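Fold and contact review
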Amino acid sequence: MGNTDIEENTDIKKIMHVMRHAPHGTIYSYEGLEMILIMAAYEQDLSVVFIGDGIYALKKNQDTHGIGIKGFSKTFMALDGYDVEKLYVDQFSLEERGLTQDDLVVPVEVLSSAELGGLMKEQDVIIHH
Amino acid sequence: MGNTDIEENTDIKKIMHVMRHAPHGTIYSYEGLEMILIMAAYEQDLSVVFIGDGIYALKKNQDTHGIGIKGFSKTFMALDGYDVEKLYVDQFSLEERGLTQDDLVVPVEVLSSAELGGLMKEQDVIIHH
Amino acid sequence: MLHTINKSPFASDTLETCGRFLLPGDPVLFIEDGVYAVQAGNRFSSMIATIQKANPVYALAPDLDARGISAVDEGVTRVDYEGFVELVERHQVNSWL
Amino acid sequence: MLHTINKSPFASDTLETCGRFLLPGDPVLFIEDGVYAVQAGNRFSSMIATIQKANPVYALAPDLDARGISAVDEGVTRVDYEGFVELVERHQVNSWL
Amino acid sequence: MNIGILLKEGPYNHQASDTAYKFAEAAIKKGHTIDAVFLYNDGVGNVTKLMDPPQDDRNIAARWDELSKKHGVEILACIAASKRRGINDDVLIEGGTITGLGTLTDIAIRNDRLLTFGD
Amino acid sequence: MNIGILLKEGPYNHQASDTAYKFAEAAIKKGHTIDAVFLYNDGVGNVTKLMDPPQDDRNIAARWDELSKKHGVEILACIAASKRRGINDDVLIEGGTITGLGTLTDIAIRNDRLLTFGD
C-alpha cells in the first residue's frame, strides 16, 4: 500500500451531527438535516445523534399543514439511501419524554449517555444543530 | 370634568417591561432598555420587572471591554431621570443566583412572585425582553 | 390575563418561571415548542396537573399536530388560531418568550 | 475533547445535558452566558463541584468580567481568548450550543 | 377589537413570524383590526424583499407585504434595530415602513391589545 | 494549526459573532491559520454591507471584511440559508462569498479543527 493510499485513508474524517432542537419552533433541526444531506455525498464517516429535544424531529405523525411550515420528518427516512446509517438516540432523553423507539419514524440505535460520550470522543468534528 | 378629560385619562396605559435575558450573550436586554428609554417620553405608567437571568443586567462591576461589546448597566441608573421609577426585582430569582440588592447598580423594590403576579394582572400591556 | 408559553419545558425554564406568577383563574396557552409540555406522560405531566387545579390550560392544535402529539394531558383544551383569538378577546396577554 | 458551554444554566438545560456526556479528564470551558454557572455561591455550585471531581473546569475571563463576576467557584481556572486557543490546540472541540 | 403585534424574531429561523401571521389572519377573519405589526430585534429581517426561499416554501416577506396591501396592516420595522442588521429602504418591501420606537409606543397606547411573538 | 469556524447566529443579536471574531483574532496572533468562517442559519446576516450600527459600536460586517483582507480568511455564507434571509451578492461585503454546503464539508475535512459558535 503506497503513501498515497494512506494519505487518502487519513482524509476520511469522523463527523458527528448532534440534533438538539425540536423541529418547527426553530429552523436548526431542518437546516441541520440539509447540511447532513450535502455532507453525505462526501464519503466521510458520518453519524447523527439525537439528544434532548432533538429527538422530537423523529416523532411519527407530524402534520405541519396547520402551521404553514414544510414538514421534514420523512426526510430522515431517506438518510439510509445516502449511506447515512449511524443514527443514535440518547436513551435518557427518550425516556424523559415518555417516548419509545416505536414513536420514531426511522429505526435508530438507542444508547446510554456514556456510550454516546465515548462515540463523541472518537470524532474529528462535532456540529450541534 | 368634561368627557375629553376622562378620555385623556383613560389614555394613560399601564405598560410593563419584563427583563428576562442575561446581558451581552444576547441583545434582548440592551434593546429592551432602548425601548424603555423611548417609551419613557410618552408619559405612560411604566414599570420594569427583572425576572430570572434578567436580573444580571443590573449586576455591579460589569466591564465589557474584553468582549468588545458596549456595556449598558449604568444606563439603568439614568431611568430615574426619565421618570421611570418603578423597578421591581423578583426575590426568588435574586436568591437563586446568590445575589442581594447590594450587588445591583440601582435601588430596586424586591417583591415576591405573588406580588409581581398581582402587578402583572393590572397591566394593559406587557412586553418581555 | 392570558399567559402564553412558546418554549419546550425540557430546554428552557419558561414554564417553571411563568408558573410562579400565575394568579388563580388565569388561562395558560401553550404554543409553538411550548406544546411539548402537555404531551401525555412526559416528565412535566404532574406540573401540568398542578397548574390545572387553579388555571385552565389550552394548547394550540396546529402546533400539537405539527409535532405529532395526539395524546395530551387530561383536561387540556385544544384550540385553533380562532380559539387563540377568542382567548385574546377575553384577556390581556402576557407572552412569556 | 474540549466541551464548551455558552448558555446560562438557569435558562437552559445545556449544562445538565452536556454533563451526562463528559468523559473523565475532558476539560469544560464556560463562555458567554455560560459563565454564570461558575459564579460562586449560586444554585449550580454543587454541580460544578461534582464535575470538577473528574474534569478540569475553565471559564473565559473576558466573559466573567463583562458580567461582573469576580468570585468564581473554587478550582475554576480563568482563561483569556489566548487560553481558549491553547485548549483548542490540545483538544478536539464539542461546542454545546 | 383593535390589536397591535410586536414581532421579535427573524423569518424562518424561528416560528414566531409564522405564528404572528396565522394569528393576524385569524383575527382579521373574526372581524378584528390588526393595526400594525411592529418588528424589533431580529424581527426586522422579516421585511427584506431580497428574501428568496425555495419555491415550495412560504415567502414570509411577500406574505407581510400582502397583509399590508389587502388589509391595511402597517408593517413597521424599528430603525435602530434595522440599521444594526442591514435593513434599509433599498431592500424594504413596498408595504413596509422603517420607523422609530415612538411609533410602537403609539401602537401600544391606541390598541386594545398588544401581542408579542418571539423566542 | 489550521482551523475552520462555523458561525450559526446573526450579528448583534447573539454574542456568537463576537466570540468567533475574538477567537479568530487570538488564534491568528498565536500563529495559527484561520482557514475560513462559514456562516449558517441566521449567521449569514453577518456579511451584509448595509449594516449601519451606532458610531460608538463595532461594525461586525466591516470587521469580517477586514479579517478577510488582512489575513486571507475566507468569509463564506451558505447559499440556501442566505436566500431564505435575503442575503445576496447585491448586499454582500467585498471580502465575502456565497457558496454551498459542500464548501463547509471541505473545510471540515481539510482543517485540524472545526469550531462552532452559535446560540
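This write-up is about the structure you can find in this document. Worth saying up front: this structure is predicted, and the values here are computed from it rather than measured.

What about the overall build of chain A?
Per the secondary structure count, chain A includes five helices and five strands. In chain A, the succession of α and β elements from N to C terminus is α-β-α-β-α-β-α-β-α-β. The principal-axis extents of the C-alpha atoms in chain A amount to approximately 55 × 30 × 20 Å. Averaged over its 10 positive side-chain charges, chain A has a centre that lies 6 Å from the centre of its 22 negative ones.

Things to note about the overall build of chain C
Looking only at helices and strands, one finds four helices and five strands in chain C. In chain C, the order of α-helices and β-strands from amino to carboxyl end is β-α-β-α-β-α-β-α-β. C-alpha atoms of chain C, sized along the principal axes, occupy 30 × 30 × 25 Å. Out of the 97 residues belonging to chain C, those deemed buried represent 66%. Look at the contacts in chain C between residues 6 or more apart in sequence, and 71% of them connect residues 24 or more apart. For chain C, the computed accessible surface area is about 3,000 Å², with 50% contributed by carbon and sulfur atoms.

Points about the sheet that holds strand β5 (residues 125–128) of chain B
Residues and elements named next belong to chain B. Pairing is parallel across the open sheet formed by five strands, whose spatial order is β4-β3-β2-β1-β5. Strands at the two margins of the open sheet, each flanked by one partner only, are β4 (109–111) and β5. When the angles between neighbouring strand axes are averaged without regard to direction, this sheet yields 25°. In this structure, strand β1 (residues 14–19) lies alongside strand β2 (residues 45–50), joined through six bridges in parallel fashion. In the sheet register, V18 faces β2, and the bridge partner there is V49.

Regarding the interface of chain C and chain E
Counting residues at the interface gives 19 residues for chain C and 18 residues for chain E. With both sides pooled, the region where chain C packs onto chain E buries about 1,600 Å², and carbon together with sulfur makes up 61% of that total. Taken together, the connections running from chain C to chain E amount to two salt bridges. In this structure, E86 of chain C engages K30 of chain E in a salt bridge whose closest nitrogen and oxygen atoms are separated by 3.0 Å. Taken together, the links from chain C to chain E amount to 13 residue pairs in polar contact (both at pLDDT 80 or more).

Re helix α2 (residues 60–71) of chain E
Residue and element names in this part refer to chain E. For α2, spanning 12 residues, the distance from its first C-alpha to its last is 16 Å, which sits close to the expected 16 Å at 1.5 Å a residue. For α2, the complete set of buried residues consists of I60, A61, R63, W64, D65, L67 and S68. The elements touched by buried residues of α2 are β1 (2–7), α1 (16–29), β2 (33–39) and β3 (74–78). The residue sitting at the N-terminus of α2 and contributing the capping side-chain oxygen is N59; that oxygen lies 3.1 Å from the backbone nitrogen of A61. Looking one or two residues beyond α2, the residue adopting positive phi is G72, at roughly 65°.

So, the interface of chain A and chain C
Between chain A and chain C, the residue contacts involve 19 residues of the former and 16 residues of the latter. For the pair chain A and chain C, the two sides together bury roughly 1,300 Å², of which 51% comes from carbon and sulfur. In this assembly, chain A and chain C are joined by one salt bridge. A salt bridge links R43 of chain C to E96 of chain A, with the shortest nitrogen-to-oxygen separation between them at 2.9 Å.

Let's talk about the pattern of salt bridges
Pairs can form between side chains of opposite charge whenever their charged atoms are close. Under the defined criterion, the tally for this structure stands at 52 salt bridges over all chains. In this structure, the salt-bridge partner of D53 of chain A is R97 of chain A, at a minimum N-O distance of 2.9 Å. A residue pair is termed long-range when its members are at least 10 positions apart, and D53 of chain A in the loop between β2 (45–50) and α3 (75–78) and R97 of chain A in the loop between α4 (91–96) and β4 (109–111) qualify at 44 residues. The buried category is assigned to D53 of chain A, whose relative accessible area is 5%. For R97 of chain A, a relative accessible area of 1% corresponds to the buried category. Ionic pairing is found between R58 of chain E and D18 of chain E, a salt bridge with its closest N-O pair at 2.6 Å. Taken together, the residues R58 of chain E in the loop between β2 and α2 and D18 of chain E in helix α1 connect sequence positions 40 residues apart.

Side note on unusual backbone geometry
Phi angles above zero are rare outside glycine, and H24 of chain A is one such case at about 75°. Within the secondary structure, H24 of chain A sits in the loop between β1 (14–19) and α2 (28–39). Take H24 of chain A: its relative accessible area is 5%, and that puts it in the buried class. You will see that Y12 of chain E, though not glycine, has its phi angle at about 70°, which is positive.

Remarks on the layout of surface pockets
Reported here for the largest pocket is a volume of approximately 530 Å³. Lining the largest pocket are 30 residues; nearest its centre among them are P9 and E16 of chain C together with S12, D13 and E16 of chain D. Going through the elements one at a time, α4 of chain A, α4 (91–96) of chain B, α1 (14–21) of chain C together with α1 (14–21) of chain D are the ones with two or more residues in the lining of the largest pocket. Tallied by class, the residues present in the lining of the largest pocket amount to 10 nonpolar, eight polar and 12 charged.

Reading the values: the criteria
Residues numbered from 1 in each chain as written. Chains lettered and ligands numbered in written order. Predicted model: local features only at pLDDT ≥ 70, side-chain atom pairs only at ≥ 80, totals over all residues. Heavy atoms only, no water. Helix = DSSP H or I, 4+ residues; strand = E, 2+ residues; numbered from the N terminus. Lys, Arg positive; Asp, Glu negative; His and termini not counted. Charge placed at Lys NZ, Arg CZ, Asp CG, Glu CD. Buried < 20%, exposed > 50% of the residue type's maximum accessible area, 1.4 Å probe, protein only. Contact = heavy atoms within 4.5 Å. Areas by Shrake-Rupley, 256 points an atom, 1.4 Å probe, with all protein chains shown as cover. Pairing = 2+ DSSP bridges. Axes fitted to C-alpha atoms, helices over the stretch in contact; angles between N-to-C directions. Buried area = accessible area lost by both parts, 1.4 Å probe. Salt bridge = Lys/Arg side-chain N within 4 Å of Asp/Glu carboxyl O. Polar contact = N/O pair within 3.5 Å; in protein donor to acceptor, adjacent residues only side chain to side chain. Expected span 1.5 Å × (residues − 1). 1 Å grid on protein atoms, 1.4 Å probe; cavity = no way out; pocket = protein on both sides within 12 Å on 5 of 7 lines; lining within 4 Å. Points joined across faces, edges and corners; volume = space filled by probe spheres on them. Nonpolar A, V, L, I, M, F, W, Y, C, P; charged D, E, K, R; others polar.

These figures capture arrangement, not role.
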